[in-house]
Amino acid sequence: MQQSHELKGPEAPADPARVLVVDDDPTVAEVVAGYLDRAGFLVDRAADGPTALTRAAARRPDLVVLDLMLPGMDGLEVCRRIRERGPVPVVMLTARGDEEDRILGLEVGADDYVTKPFSPRELVLRVESVLRRARPRTELRPLRAAGLSVDPAGRRARRDGTELALTLREFDLLAFFLRHPGRAFSREDLMREVWGWEFGDLSTVTVHIRRLRGKVEDDPARPRLIRTVWGVGYRFEPDAPGDGEA
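Remember, predicted model here, so these are calculated numbers, not experimental data.

Okay, the overall build of the chain next. The helix and strand inventory of the chain stands at eight helices and 12 strands. The 246 residues of the chain split such that 50% are buried. Put simply, 58% of the contacts in the chain that link residues at least 6 apart link residues at least 24 apart. Accessible surface, the chain: about 12,000 Å² in total, of which carbon and sulfur atoms supply 48%.

Printed below as a string of structure tokens:
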């Protein structure tokens, strides 16, 4: 394990986030860890799934940079097992640009992904963006509608009193919908407002809408709350009767 404790540069945060980098390619891991270290993060490293789980159990990371293709235990399984212990933001690294790989990562709850080969600077920016959105926002009041309640300060959401197991992006997406009931948003709008990206793969939004519907709708195949607006995008309708379409 390589562990970096020295903060570099005058703008290093007073309470730096701990990032666990999991990649079996030592060159990639070294470059990623080096860039994150210079950006002011504390960095742990693991070259395989079992080691990553041990590191995460010993000292819980604030975020995991996780390669999809790992020997023995792949990144999808590592992501699932880490998430069993509680919510942790995950940025997935995929070796190919295939849409199927990206969808797989998002389906297991990855908050972002970067396709190899990638710019280390871009990866650092993605990590910073995910962590910014993971921080509690104490200035925001609780939101309630249609049996759903969201506490932005505590990062907790409930449906009919039962706590929901939401990923970082699912939480942000639900909170955004509750803040803007009745308004239609395109996938580009949601990517900009929820993810903070000016451009990106719009299937990211589609996957998260599907996952969120699976957790808040009575019948995800016939959604009533998060409705499709054909030719536009999606609209949150807390009081609308009838059936929507996926």
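From this point, the narrative continues.
Now for the nonpolar core. Generally speaking, soluble globular proteins have nonpolar side chains that are buried together. Among the nonpolar cores identified, the biggest contains 28 residues, and Leu174, Phe177 and Leu190 are the most heavily contacted of them. Put simply, the parts of the chain that give this core at least two residues each are β6 (143–145), β7 (148–151), α6 (168–179), α7 (187–195), α8 (203–216) and β12 (233–236). Counting residues per element, this core draws most heavily on α6, at seven residues. Not counting chain neighbours up to four residues away, the residues in contact with Leu174 comprise Leu148, Val150, Ala157, Leu164, Leu166, Leu212 and Val216.

This part covers the pattern of salt bridges. Per the stated rule, a full pass over the model turns up 16 salt bridges. Put simply, Asp111 and Arg83 hold a salt bridge, and the shortest N to O gap is 3.0 Å. Of this pair, Asp111 sits in the loop between α4 (99–107) and β5 (112–115) while Arg83 sits in helix α3 (residues 75–84), placing them 28 residues apart in sequence. Comparing Asp111 with Arg83, the two get one shared label, buried. Linking Arg192 and Glu193 is a salt bridge whose minimum nitrogen-to-oxygen distance equals 3.9 Å. Residue classification places Arg192 among the partly exposed residues on the basis of a relative accessible area of 32%.

Overall, the predicted model of the chain reaches an average pLDDT of 81, with 82% of residues at or above 70. Ignoring residues within four places in sequence, the model shows residues 1–14, a span with pLDDT below 50, making 26 contacts including any to other chains.

This paragraph deals with unusual backbone geometry. Following Lys116, the chain continues to Pro117 via a peptide bond in cis, the omega torsion being -5°. Not every positive phi belongs to a glycine, and Arg155 is a case in point at roughly 55°. You can see Arg155 is positioned in the loop between β7 and β8 (156–159). We note that Asp160 has phi near 50°; this positive angle belongs to a residue other than glycine. Turning to its location among the elements, Asp160 is positioned in the loop between β8 and β9 (162–163). What makes Asp160 exposed here is its relative accessible area of 60%.

Quick notes on the rules
Along each chain, residues carry numbers from 1 onward, in the same order as the chain's sequence is written. Local features in this predicted model are restricted to residues whose pLDDT is 70 or higher, and side-chain atom pairs enter the listing and the counts only when it is 80 or higher, whereas totals over whole chains, interfaces and linings include all residues. Hydrogens and water are ignored here; the side-chain numbers use all heavy atoms of the structure. Think of it this way: any DSSP run of H or I at least four residues long counts as a helix, any run of E at least two long counts as a strand, and we number them from the N terminus. Each residue's exposure class comes from its accessible area (1.4 Å probe, protein chains only) as a fraction of the maximum for that residue type: buried when under 20%, exposed when over 50%, partly exposed otherwise. Throughout, a contact is declared for two residues whenever any of their heavy atoms are within 4.5 Å. Note on areas: Shrake-Rupley with a 1.4 Å probe; residue coverage comes only from the protein chains shown. Only buried residues count toward a nonpolar core, which is a set of Ala, Val, Leu, Ile, Met, Phe, Trp, Tyr and Cys residues joined through side-chain atoms within 4.5 Å. Just to be clear on terms, a salt bridge is a Lys or Arg side-chain nitrogen sitting within 4 Å of an Asp or Glu carboxyl oxygen. Confidence scores per residue from the predictor, reported as pLDDT, run from 0 to 100.

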